[in-house]
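# Chains, contacts and geometry: an overview
This is what each chain is made of:
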Amino acid sequence: MFVNEHIAGMPAGYLFSEIAQRVKAFSASHPGEKVIRMGIGDVTRPLSPFVSEAFARAAREMATDKGFHGYGPEGGYPFLIDAIIREEYAPRGISLSREEVFVSDGAKTDTAAIQELFSPDAAIAVTDPVYPVYVDANAMAGRLGRYLNGRWERLVTLPCTHENGFMPELPRERVDVLYLCYPNNPTGAVISHDKLRSIVDWAAERGTLIIYDAAYRAFISDSSLPHSIYEVPGAGDVAVECCSFSKTAGFTGVRCAWMVVPKGVKGRLPSGGQVSLNALWRRRLASKSNGVSYPVQKAAEAACLPQGQKEIAANIAAYRQNAAILLEALRGLGLPVQGGTHAPYLWLKAPGNMTGWALFDFLLDSARVVGTPGEGFGPSGAGCFRLTAFGSREDTILGAERIREALLAL
Ligand code: PLP
């Protein structure tokens, strides 16, 4: 049989596999040395007691005749969808119907799968650097052409750098889909209402679909910044939004997320007619998913409820303090640094002409700290480096000190 040549032609190695290999090799040659991991964006704090109790209660229910649940609705149980609408959107003046919210096992799943709704020749734009999943999913579907000299032939990239204040300049060429992520992974940048409004207006004028990834919105500490793209008038006609319980409620191992596909968002058919994206997504889901488990959805519901929110807020505050510790240590070095205020990520410019990979190797070797080289997030990530604030307080303080000492001695 013939294979999918687009997958076969992908650049080798998923970024984090390459990092894991280098760290493994380092640890093997330096036994007993403590390595502080600030690379992958995984949380470390345990589930809130209220959430874990709801999770356990639902599992126990499943062991009873009355409480057993088989296949659930593929788009999520109404109890969770209602909780999401009531707790996450209504307080911000956003009104959504039950049919517009779809529960899934992760925003990675959703942001990778949504491209199945686009035509094979749709023109895709991403901010650069970018969460690699958006690009890889489109590349595997054959939409991006060949990967030559570190770039995809048909991908439109919008540089977001220290120099341009991390605000993308909108493309002049035709773009069918634009992926945005705020607060941003990897840069930690946020977007203002005015800028987001200008992008929504631009998308509406041109018939461009926005995929808005708000996986980190719980980290926004300024209430004047948009938490959802639907705070912008007109966004309900041009944008799909992906959110996740992963970084908010510590669900990276539990797995639950949701996607909003408003009924107002339409796509074009080659024949000239219009079709509802909501209907297409529902149709796709019916064929490809059997939903998320009942206990996981009960745990997610608990995470939306006031007691769950209160307990989760304590975890997020702890990560925010970690970010503040890192930010202070890095600022003192005089290197350009972005993020760390409304996001669990800090985006650092490597000193001198160092590449991100050179800084990675240097910090692993001399500080025993693992970060992520910016090159892994796209061409504009070259010479940059990402640190995450998801570690323990102890590790964060130690890591910040070690990074500082190593860079001062450079
Ligand atoms: N979106 C962004 C921007 C992310 O950084 C991540 C995880 O790191 C995800 C989505 C994945 O979220 P989930 O764990 O819900 O799949």
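Keep in mind that what you see is a predicted model, and the values were worked out from it rather than measured. (Residues numbered from 1 in each chain as written. Predicted model: local features only at pLDDT ≥ 70, side-chain atom pairs only at ≥ 80, totals over all residues. Heavy atoms only, no water.)

### A closer look at the pattern of salt bridges
Pairing between side chains becomes possible if they bear opposite charge and their charged atoms approach one another. Note the following rule: We define a salt bridge as a side-chain nitrogen of Lys or Arg found within 4 Å of a carboxyl oxygen belonging to Asp or Glu. Each residue is placed in one exposure class: buried if its accessible area under a 1.4 Å probe, protein chains only, is under 20% of its type's maximum, exposed if it is over 50%, and partly exposed if it falls in between.
Following the criterion strictly, the structure yields 20 salt bridges and no others. Its salt-bridge partner being R60, residue E53 comes within 3.0 Å of it at the nearest N-O pair. Residue class for E53 comes out partly exposed when judged on its relative accessible area of 35%. With its nearest N and O atoms 2.7 Å apart, the salt bridge here joins D176 to R174. For R174, a relative accessible area of 53% corresponds to the exposed category. One continuous salt-bridge network, built from bridges that share partners, spans E18, R22 and D361.

### Focus: the pairing of strand β3 (residues 124-128)
As a reminder of what qualifies: Counting from the N terminus, the helices are the DSSP runs of H or I reaching at least four residues and the strands are the DSSP runs of E reaching at least two. Should DSSP find at least two bridges between two strands, the strands are taken to pair.
The element β3 is extensively covered by neighbouring structure, given that five of its five residues are classed as buried. Bridging between β3 and strand β6 (residues 155-159) involves five bridges; their strand directions are parallel. Of the residues in β6, the one forming a bridge with D128 is P159.

### Some thoughts on unusual backbone geometry
The peptide bond linking Y182 to P183 adopts the cis configuration, its omega dihedral lying at -10 degrees. Note on placement: P183 falls in the loop between β7 (177-181) and α7 (193-206). Along the chain, N185 connects to P186 via a cis peptide bond; the corresponding omega equals 20 degrees. Examined against the element boundaries, P186 turns out to sit in the loop between β7 and α7. Residues other than glycine seldom take positive phi values, yet N149 does so here, at roughly 50 degrees. Within the secondary structure, N149 is located in the loop between β4 (147-148) and β5 (151-152). Taking the relative accessible area as the measure of exposure, N149 reaches 80% and is therefore exposed. Phi at F166 is positive, roughly 65 degrees, even though this residue is not glycine. By the secondary structure assignment, F166 is in the loop between β6 and β7.

### Considering the sheet that holds strand β2 (residues 101-104)
Defined as follows: Note on geometry: axes are C-alpha line fits, over the in-contact stretch for helices, and angles between N-to-C directions span 0 to 180 degrees. Contacts were defined at the residue level, with two residues in contact if any of their heavy atoms lie within 4.5 Å.
Taken in spatial order, the seven strands make up an open sheet running β2-β10-β9-β8-β7-β3-β6, and their pairing is mixed. The open sheet is flanked by β2 and β6, the only strands paired with a single partner. Averaged over all pairs of adjacent strands, the angle between their axes in this sheet comes to 20 degrees, without regard to strand direction. The pairing of β7 with strand β8 (residues 209-213) spans five bridges and is parallel. Residue pairing for β8: L178 is matched across the bridge by I210. Lying over the sheet, helix α4 (residues 78-89) contacts β2, β9 (239-244) and β10 (257-260), oriented at roughly 115 degrees with respect to β2.

### Points about empty space enclosed by the protein
The test is simple: Grid spacing is 1 Å over the protein atoms alone, the probe is 1.4 Å, and a cavity is where that probe fits but cannot get out, while a pocket is an open set with protein on both sides within 12 Å along at least five of seven lines and lining residues have an atom within 4 Å of a point. Grid points are joined across faces, edges and corners, and a volume is the space filled by probe spheres set on the points.
Taken as a whole and judged by the stated rule, the model has one cavity of 30 Å³ or more. Computed from the structure, the largest cavity encloses a volume of approximately 40 Å³. Surrounding the largest cavity, T127, P129, C160, F166, Y182, N184, T187 and A189 form its lining.

### Remarks on the sheet that holds strand β17 (residues 384-388)
As summarised here, the arrangement of the four strands in space is β13-β14-β17-β16, forming an open sheet in which the pairing is antiparallel. In the strand order of this sheet, the two ends are held by β13 (337-339) and β16 (372-373), each with one partner. Pairing analysis gives two bridges linking β16 to β17, with the strands arranged antiparallel. Counterpart to P373 in the pairing with β17 is F385. Strand contacts of helix α12 (residues 356-367): β14 (345-349), β16 and β17, with the helix running at about 50 degrees to β17, the strand carrying the most contacts.

### Structural notes on helix α6 (residues 132-140)
For α6, a buried count of seven out of nine residues is recorded, marking the element as mostly surrounded by other parts of the structure. Within α6 the residues assigned to the buried category are P132, V133, Y134, V135, A137, N138 and A139. Immediately downstream of α6, the backbone of G142 shows phi near 85 degrees, a positive value.

### As for the packing of aromatic side chains
How two aromatic rings sit relative to each other is set out by the distance from centre to centre and by the angle between their planes. Spelled out, the test is: Stacked, edge-to-face and tilted are the three classes for Phe, Tyr and Trp ring pairs, Trp counted by its six-membered ring, which pair at centre distances within 6.5 Å; planes under 30 degrees apart are stacked, over 60 edge-to-face, the rest tilted. Only Lys NZ and Arg CZ are tested; either one counts as a charge over a ring when it is within 6 Å of the ring centre and within 35 degrees of the ring normal.
Counting across every chain of the model gives 17 aromatic pairs. A connected cluster of aromatic rings, assembled from ring pairs, spans Y216, F219, Y319, Y345 and F390. Positioned over the ring face of F79 is K298, at 4.1 Å from the centre of the ring.

### Some remarks on the pairing of β7
It is a general feature of regular strands that their side chains alternate between the two faces of the sheet. Our working rule: When the strands point away from the viewer, a crossover counts as right-handed if the path from the first strand over the helix to the second runs clockwise.
Burial runs high along β7: five of the five residues are buried. Side chains V177, Y179 and C181 project from β7 onto one buried face, and the interleaved L178 and L180 project onto a second face that is buried too. Taken together, the three bridges between β3 and β7 define a ladder with parallel strand orientation. The residue of β7 that forms the bridge with A125 is L178. Running through α7, the crossover from β7 to the neighbouring parallel element β8 is right-handed.

### Details of the domain arrangement of the protein chain
Let me state the cut-off plainly: Domain ranges listed in this record stem from an automatic or a database domain assignment. A 1.4 Å probe defines the accessible area here, and the buried area is the portion of it lost by two parts on being joined, summed over both. Any pair of nitrogen or oxygen atoms within 3.5 Å is treated as a polar contact; in protein, a donor-acceptor pairing is required on top of that, and neighbouring residues in sequence qualify only through side-chain atoms on both sides. Here the nonpolar group is Ala, Val, Leu, Ile, Met, Phe, Trp, Tyr, Cys and Pro; Asp, Glu, Lys and Arg are the charged ones; every other residue, Gly included, is treated as polar.
You can read the domains of the protein chain as domain 1 (5-46 + 308-408) and domain 2 (51-304). The distance between the C-alpha centroids of domain 1 and domain 2 comes to 25 Å. Contact with domain 1, which involves 35 residues of that partner, is made by 45 residues of domain 2. Of the roughly 3,300 Å² buried between domain 1 and domain 2 on both sides combined, carbon and sulfur atoms contribute 62%. Linking domain 1 to domain 2 there are one salt bridge. Between K349 and E163 there is a salt bridge; the shortest N-O distance is 2.9 Å. Where domain 1 packs against domain 2, one counts 13 residue pairs in polar contact (both at pLDDT 80 or more). If you list the elements that add at least two residues to the side of domain 1 that touches domain 2, you get α1 (5-8), α11 (306-331), β13, β14 and β17. Here the element with the most residues in the side of domain 1 that touches domain 2 is α11; it accounts for six residues. For the side of domain 1 that touches domain 2, the per-class residue count stands at 19 nonpolar, 12 polar and four charged.

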